[in-house]
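# Per-entry structural report
Here are the chains, one letter per residue:
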Amino acid sequence: MLRRQFGKALIILGILTGNVATPAFSAGPPPAGAIAVVENLHAELLSAMKSAGTTSAAERAARLGPVIRSGFALDRMSRFAAGSGWRKMTDGQKAAYLRAFTEITVATYANRFDGFSGESFATLGTEAALNDSLLVRTELRRPRKNPVRLTYVILSSDDGPKIVDIYLDGSISELARQRSEYQSVLRSSGADALISGLQDQADRMLKTNG
């Protein structure tokens, strides 16, 4: 059932890893490091949520930035999101795009997790998937509301396990959404427009006080 549920995730993984050699997760129990990447992120998110009443979005971004930069495969994710447009960018544009992609990712988390009402995260389980990936299934539990299912797609790398995608409620891929939006901008307006648009959006998110 889980294989069918994550069919789209595995297609994305095939593209993400098609020409990249990645160390395989060993057989047996899921690597503790892969679960720790997710749970470390959740711990920092909860901390940011609990302090949201007295911190700005920019302050939460400063707090969340290190765990996001260390826990996400931002370079690989940004390349996937740009699709064929990545190859058409100059070296300078690639560097600027990666910076903007990183900043919008951090700003989005700082902006979304802007309050605390008794929420908690729970890790439900893991399953090995194609291309040496691991699915880590979790829930954001909310008092008097249905939990939000968050499934993290983890790949191994030379720097350890990294998050490459997140599926909301088991079917909505954050990375696939970005790929659709970014490629549309790249086709219509070019790389510079995408870079400036991402940077402007990140800046607007971080100017909020809540």
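Residues numbered from 1 in each chain as written. Predicted model: local features only at pLDDT ≥ 70, side-chain atom pairs only at ≥ 80, totals over all residues. Heavy atoms only, no water.

What follows is about helix α5 (residues 74-82). Burial within α5 is extensive, with 7 of its 9 residues counted as buried. Three or more residues of α5 are buried, namely Leu74, Arg76, Met77, Ser78, Phe80, Ala81 and Ala82. At the exit of α5 stands Gly83, carrying a positive phi of roughly 60 degrees. (Buried < 20%, exposed > 50% of the residue type's maximum accessible area, 1.4 Å probe, protein only. Helix = DSSP H or I, 4+ residues; strand = E, 2+ residues; numbered from the N terminus.)

As a further point, take the packing of helix α3 (residues 32-50) against helix α4 (residues 57-71). The description of two packed helices rests on the angle between their axes and on the distance between the axes. Following both chains from N to C, one finds α3 and α4 inclined at 175 degrees, their axes separated by 10 Å at the closest point. As the angle between them shows, α3 and α4 are arranged roughly antiparallel. Two secondary-structure elements touch here, α3 through Val37, Asn40, Leu41, Glu44, Leu45, Ser47 and Ala48 and α4 through Arg60, Arg63, Leu64, Val67, Ile68 and Gly71. Taken together, the residues of the contact of α3 with α4 break down into 7 nonpolar, 3 polar and 3 charged. (Axes fitted to C-alpha atoms, helices over the stretch in contact; angles between N-to-C directions. Parallel < 35°, antiparallel > 145°, perpendicular 65-115°, else oblique. Contact = heavy atoms within 4.5 Å. Nonpolar A, V, L, I, M, F, W, Y, C, P; charged D, E, K, R; others polar.)

The strand order across the open sheet formed by 5 strands is β1-β2-β3-β4-β5, and the pairing between neighbours is antiparallel. The strands lining the two open edges of the sheet, one partner per strand, are β1 (120-129) and β5 (172-173). The pairing of strand β4 (residues 162-168) with β5 spans 2 bridges and is classified as antiparallel. Paired with Leu168 across the bridge in β5 is Ile172. (Pairing = 2+ DSSP bridges.)

Turning to the nonpolar core, a few remarks are in order. By size, the foremost hydrophobic cluster in this structure holds 56 residues, and its most contacted members are Phe72, Tyr97 and Tyr152. Ranked by residues supplied to this core, first place goes to helix α7 (residues 91-112) with 9 residues. When neighbours within four sequence positions are excluded, Tyr152 is seen to be in contact with Val38, Leu41, His42, Leu134, Leu135, Val136, Thr138, Ile163, Asp165 and Ile166. (Core = buried A, V, L, I, M, F, W, Y, C linked by side-chain atoms within 4.5 Å.)

This part takes up helix α9 (residues 191-206). Given 3.6 residues to a turn, an α-helix orients residues that are three or four positions apart in the same direction. In a regular helix each residue adds 1.5 Å, so 16 residues correspond to 22 Å; α9 covers 23 Å between its end C-alpha atoms and thus fits that length. Next to the buried residues of α9 lie α4, α7 and α8 (174-189). (Expected span 1.5 Å × (residues − 1).)

Under the defined criterion, the tally for this structure stands at 6 aromatic pairs. The interplanar angle of 55 degrees and the centroid separation of 6.3 Å between the aromatic rings of Trp86 and Tyr97 together place this pair among those described as tilted. One end of the pair, Trp86, is in helix α6 (residues 85-88); the other, Tyr97, is in helix α7, with 11 residues separating them in the sequence. Relative accessible area serves as the criterion here: at 12%, Trp86 is assigned to the buried category. Accessibility expressed as a relative area gives 0% for Tyr97, which makes it buried. (Phe/Tyr/Trp six-rings, centres within 6.5 Å; stacked < 30°, edge-to-face > 60°.)

Attention now moves to unusual backbone geometry. A positive phi angle, near 65 degrees, is found at Arg144, a position not held by glycine. Looking at the secondary structure, you find Arg144 in the loop between β2 (133-141) and β3 (148-155).

Take the pattern of salt bridges next. Under the criterion given, the structure shown has 6 salt bridges. As a salt-bridge pair, Glu44 and Arg63 come within 3.7 Å of each other at their nearest N and O atoms. Residue Glu44 is located in helix α3, and its partner Arg63 is located in helix α4; the two are separated by 19 residues in the primary sequence. Residues participating in the shared-partner salt-bridge network are Arg112, Glu174, Arg177 and Glu181. (Salt bridge = Lys/Arg side-chain N within 4 Å of Asp/Glu carboxyl O.)

Time to look at the pairing of β3. The buried fraction of β3 is high, at 7 of 8 residues. The sheet contact formed by β2 and β3 spans 8 bridges and is antiparallel. Each residue of the ladder has a partner; that of Leu135, found in β3, is Val153. Where β3 and β4 come together, 6 bridges link them in antiparallel fashion. Counted as the bridge partner of Thr151 is Tyr167 from β4.

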